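# Topology and contacts: notes
So the chains spell out like this:
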Amino acid sequence: AQRVTQPEKLLSVFKGAPVELKCNYSYSGSPELFWYVQYSRQRLQLLLRHISRESIKGFTADLNKGETSFHLKKPFAQEEDSAMYYCARTDNYGQNFVFGPGTRLSVLP
Amino acid sequence: DTEVTQTPKHLVMGMTNKKSLKCEQHMGHRAMYWYKQKAKKPPELMFVYSYEKLSINESVPSRFSPECPNSSLLNLHLHALQPEDSALYLCASSQERWHDGNIQYFGAGTRLSVL
């Protein structure tokens, strides 16, 4: 079964501190990895996808196939980053799409 | 228009009722999805439609019946639900199915309570 793990249910950091939300996935060919975010009272939306290699709102994520990880990082957290973050993946045939359990990020003032 | 619109926002139904959830998008997307999200859990995929044809059914009970009348609309017909089916039902759409990194756009969801 395709699996995505996010070991932290809740992560609290102070404003201005670096933040890293961990994501590991089960190996299966060439998956496609995503980070989705849900801010309070807003709908789920895409934050990053690994094929784009982009930086959104200061966040970056690098796919590490050796460690089967796709950790989300930001050097200086802001209060508005507080939200629920889901790592997600497809399998290499595009037949399956699975969300990780999610990490709630709380950025303290 | 870059929104996925779901109606109703809230729905309360009895176990013998028949109701439908509606999802609409006008972005020209050809793939549409239904997810179920229980409290404090991630969304779980239920159905995928690609070019108006059902392409994935994740072993969902037959009391949930999806329908895609056209490329902009996706319905979920509900009949004889159980209290454990109470959840937030999310609709999403993407240009094509999720391979090649296609972005899924999510609706705000319908919060369903089964009494």
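Summarised in this report is the structure supplied together with it.

### Observations concerning empty space enclosed by the protein
Residue and element names in this part refer to chain B. Tallying each qualifying case throughout the model produces one cavity of 30 Å³ or more. Estimated volume of the largest cavity: approximately 30 Å³. In terms of lining, the largest cavity is formed by H29, R30, M32, Y49, S50, Y51, E52, C68 and S71. Split by residue class, the lining of the largest cavity holds four nonpolar, three polar and two charged.

### A look at the interface of chain B and chain A
Counting residues at the interface gives 21 residues for chain B, matched by 19 residues for chain A. Between chain B and chain A, the buried area comes to about 1600 Å², and carbon and sulfur atoms account for 53% of it. Counting the contacts that link chain B with chain A gives one salt bridge. A salt bridge links B:E3 to A:R43; the shortest N-O distance between them is 3.9 Å. Along the contact surface separating chain B from chain A lie four residue pairs in polar contact (both at pLDDT 80 or more). For the side of chain B that touches chain A, the residue count by class is 10 nonpolar, six polar and five charged.

### Description of the pattern of salt bridges
Residue and element names in this part refer to chain A. Per the counting criterion, the structure on display carries eight salt bridges over all chains. One salt bridge connects E20 with K22, and the closest N-O pair in it is separated by 3.2 Å. Residue classification places E20 among the partly exposed residues on the basis of a relative accessible area of 28%. Classification of K22 as partly exposed rests on a relative accessible area of 29%. Measuring nitrogen to oxygen at the nearest pair gives 3.7 Å for the salt bridge that ties E20 to K73. Taken together, the residues span a long stretch of sequence, with E20 in strand β3 (residues 19–21) and K73 in strand β8 (residues 72–74) at a distance of 53 residues. Judged by relative accessible area, K73 falls into the partly exposed class, the value being 41%. Here the residues in one salt-bridge network are E20, K22 and K73, joined through shared partners.

### Concerning the sheet that holds strand β8 (residues 73–79) of chain B
Remark on secondary structure: sheet strands pair via backbone hydrogen bonds, oriented parallel or antiparallel. Residues and elements named next belong to chain B. Taken in spatial order, the four strands make up an open sheet running β1-β3-β8-β7, and their pairing is antiparallel. Single-partner strands in this sheet number two, and they are β1 (4–7) and β7 (64–70). Across this sheet, the average inter-strand angle for adjacent strands is 20°, counted without regard to direction.

### Comments concerning the sheet that holds β3(A)
Residues and elements named next belong to chain A. Reading across from one edge, β3-β8-β7 is the order of the three strands in this open sheet, with antiparallel pairing throughout. Single-partner strands in this sheet number two, and they are β3 and β7 (60–61). The pairing of β3 with β8 spans three bridges and is classified as antiparallel. Bridge pairing in β8 links E20 to K73.

### Observations concerning the side chain of A:D81
Residues and elements named next belong to chain A. Along the chain, D81 turns up in the loop between β8 and β9 (83–90). In this structure the side chain of D81 is engaged in a polar contact, spanning 2.8 Å, whose partner is the side chain of K74. Residues in contact with D81, not counting those within four places in the same chain, are F59, K74, L105 and V107.

Conventions adopted
- Residues numbered from 1 in each chain as written.
- Chains lettered and ligands numbered in written order.
- Predicted model: local features only at pLDDT ≥ 70, side-chain atom pairs only at ≥ 80, totals over all residues.
- Heavy atoms only, no water.
- 1 Å grid on protein atoms, 1.4 Å probe; cavity = no way out; pocket = protein on both sides within 12 Å on 5 of 7 lines; lining within 4 Å.
- Points joined across faces, edges and corners; volume = space filled by probe spheres on them.
- Nonpolar A, V, L, I, M, F, W, Y, C, P; charged D, E, K, R; others polar.
- Contact = heavy atoms within 4.5 Å.
- Buried area = accessible area lost by both parts, 1.4 Å probe.
- Salt bridge = Lys/Arg side-chain N within 4 Å of Asp/Glu carboxyl O.
- Polar contact = N/O pair within 3.5 Å; in protein donor to acceptor, adjacent residues only side chain to side chain.
- Buried < 20%, exposed > 50% of the residue type's maximum accessible area, 1.4 Å probe, protein only.
- Helix = DSSP H or I, 4+ residues; strand = E, 2+ residues; numbered from the N terminus.
- Pairing = 2+ DSSP bridges.
- Axes fitted to C-alpha atoms, helices over the stretch in contact; angles between N-to-C directions.

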